[in-house]
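In case you want the letters, here they are:
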Amino acid sequence: MAGDPSTLSNDHVLSFSKKREEEADSISYLSDEIIHNILRRIPAHILLKTMRYVCRKWHTIISDPEFVRAHFLRSTPGLLLQGFSFVEVDSKGNVELTRLGDPLPFPSRVIGSCDGLVLCLGFQNGRRIYYILNPVTKEHMTLPPAPSHDSDGLFLAYVPSLKKYKVLIMYFVGKQPPYFAIRTMGIDRAWRAMILCPSFRSNIALRLSYTYPSCIDGFAYFPDKNTCRLLILDLETEDFHGTYTPIEQGGASCSRYFLKMGSFLSLLLESANFKWQVWFLKDPKAGVWEKCFDVDVGANLDKLDVHVECCFIVPVLWLENGGDLLFRLKWKHKRPEMGQIHFIYHVSTGHVSRCGGDFNSSGICRIHVNSLATPHKFWPRS
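The text that follows walks through the structure, step by step, so that each part is easy to find. Since we're looking at a predicted model, the values are computed, not measured.

Turning to the sheet that holds strand β2 (residues 85–89), a few remarks are in order. Strands in a sheet are paired, the pairing made by backbone hydrogen bonds, and the direction either parallel or antiparallel. With respect to topology, four strands assemble into an open sheet ordered β3-β2-β1-β24, the strand pairing being antiparallel. Across the chains shown, the open sheet's two edge strands, defined by having one partner strand only, are β3 (95–99) and β24 (365–368). Neighbouring strand axes in the sheet, compared pairwise and without regard to direction, differ in orientation by 25° on average. Here strand β1 (residues 78–81) runs beside β24; their pairing, made up of four bridges, is antiparallel. Pairing of Leu 79 across the sheet is with Ile 367, part of β24.

Set out below in structure tokens:
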């Protein structure tokens with residue numbers, strides 16, 4: 001049979017071996033900078049399963065923390081669905097779904113994602129146990145026990161200035177307002193209590209009860225669904241401060257969505273049916289907002305063959321750092337036969353493109369970027 005190694009002569013084997021040696025020699029002539037640029041463009045799961053085995057040099061480069069961070073910063077964000085499926089959508093609406101597989105040997109669910117790592121809640125012997133894991137590498141670690149067994153509400157964040165991850169947890173003691181503690185991975189060996197007044201603790205707890213905070217470039221954002229007040233946690237100094245979001249028609253009652261846009265927090269305000277105003281937080285410390293542009297989706301919804309009076313839309317994810325916006329179309333009345341409809345709004349042209357493929361993002365899903373970050377390098381050994 002052609003290609004069967006048992007049928008190859010010694011001459012063929014020697015010729016093949018010589019060809020591999022020549023290919024290895026040609027790779028060795030490439031500069032480190034060229035190799036880095038090539039490898040940064042390859043998806044994380046391919047780097048892990050294939051590219052790091054090409055040669056020892058490539059394995060060393062791919063394992064280097066500086067390369068891991070550079071690769072993450074260049075990677076495309078997507079959606080991590082429950083069940084650990086990763087969805088990527090390009091500007092043309094093409095959908096690629098990668099089933100990463102559940103890396104935990106027990107029931108678990110995704111709580112949040114930050115810079116390549118995922119925070120999960122698992123259940124063992126009737127107890128809640130929190131984990132940090134990388135769904136690509138399947139590495140995971142157990143978070144140390146909370147200061148109280150009665151704990152709920154936590155999030156994971158990355159602080160670029162420290163090159164460290166931090167975890168904040170909310171826990172309860174009796175009937176008092178919840179307490180908060182924080183740990184810096186790789187430094188702290190115990191939870192550190194955050195000194196906050198009871199009314200402020202209750203305020204944060206209320207916000208955590210209905211949304212997972214956006215963590216972007218060293219800041220965590222806690223919106224309030226009933227007011228225009230936005231709480232901001234500076235993760236480097238661990239200080240809270242507040243700001244107000246822009247108020248347009250409809251005031252605090254209008255639909256508002258916060259999405260990561262590159263290294264900024266963006267705010268989408270629904271000013272009318274299928275019309276949105278897009279703002280971004282230019283200066284988190286000073287609370288300065290700047291308006292970017294308007295989004296008018298309604299004029300092009302007829303291209304999706306849907307009746308606008310029967311649906312509404314929800315912004316899901318920025319693509320191309322703000323060049324395109326992924327929307328999910330939802331029906332005002334449940335219509336299972338219609339399935340899920342996702343479409344891309346192209347900012348530069350105002351046109352829409354329906355996404356190919358079928359994936360369900362109506363359940364709990366998180367914006368996520370696949371990476372090779374490992375939780376074990378960020379937590380001190382006990």
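Okay, back to it.
Turning next to the pattern of salt bridges. Summed over the entire model, instances satisfying the criterion amount to eight salt bridges. A salt bridge links Asp 188 to Arg 192, with the nearest nitrogen and oxygen atoms 2.9 Å apart. Residue class for Asp 188 comes out buried when judged on its relative accessible area of 12%. Close ionic contact of Glu 290 with Lys 282 constitutes a salt bridge, the shortest N to O distance being 3.3 Å. For Glu 290, a relative accessible area of 34% puts it in the partly exposed group. The exposure class of Lys 282 is partly exposed, given its relative accessible area of 48%. Where salt bridges share partners, they join Lys 166, Asp 188, Arg 192 and Glu 238 into one cluster.

Residue position: Ile 341 is located in strand β22 (residues 341–346). When the C-alpha positions of Ile 341 and Lys 330 are compared, they lie 7.7 Å apart, and in sequence the two are eleven residues distant.

This brings us to unusual backbone geometry. One non-glycine residue with positive phi stands out, namely Lys 138, at about 70°. Along the chain, Lys 138 falls in the loop between β6 (127–133) and β7 (140–142). Residue Glu 238 is not a glycine yet carries a positive backbone phi of 65°. The residue Glu 238 is located in the loop between β14 (229–234) and β15 (239–244) in this model.

Another point: the packing of aromatic side chains. All chains considered together, the criterion is met by ten aromatic pairs. Aromatic side chains Tyr 171 and Tyr 179 sit 5.9 Å apart centroid to centroid with 25° between the ring planes, which places their arrangement in the stacked category. Residue Tyr 171 is classed as buried on the basis of its relative accessible area, which comes to 10%. The class of Tyr 179 is partly exposed, set by a relative accessible area of 23%. Taking 5.9 Å as the distance between ring centres and 50° as the angle between the ring planes, the aromatic pair formed by Phe 222 and Phe 240 counts as tilted. With a gap of 18 residues between them, Phe 222 in strand β13 (residues 219–223) and Phe 240 in strand β15 connect regions that are remote in the sequence. By relative accessible area, which is 18% here, Phe 240 ends up buried. An aromatic cluster is present here, built from Phe 155, Tyr 212, Phe 222 and Phe 240 joined pairwise through their rings. Across from the ring centre of Tyr 179, 4.0 Å away, lies the NZ or CZ of Arg 201, which sits over that ring. One Lys or Arg, Arg 229, reaches over the ring of Tyr 244 and ends 5.0 Å from the middle of that ring.

Quick notes on the rules
Residues numbered from 1 in each chain as written. Predicted model: local features only at pLDDT ≥ 70, side-chain atom pairs only at ≥ 80, totals over all residues. Heavy atoms only, no water. Pairing = 2+ DSSP bridges. Helix = DSSP H or I, 4+ residues; strand = E, 2+ residues; numbered from the N terminus. Axes fitted to C-alpha atoms, helices over the stretch in contact; angles between N-to-C directions. Salt bridge = Lys/Arg side-chain N within 4 Å of Asp/Glu carboxyl O. Buried < 20%, exposed > 50% of the residue type's maximum accessible area, 1.4 Å probe, protein only. Phe/Tyr/Trp six-rings, centres within 6.5 Å; stacked < 30°, edge-to-face > 60°. Lys NZ or Arg CZ within 6 Å of the ring centre and 35° of its normal.

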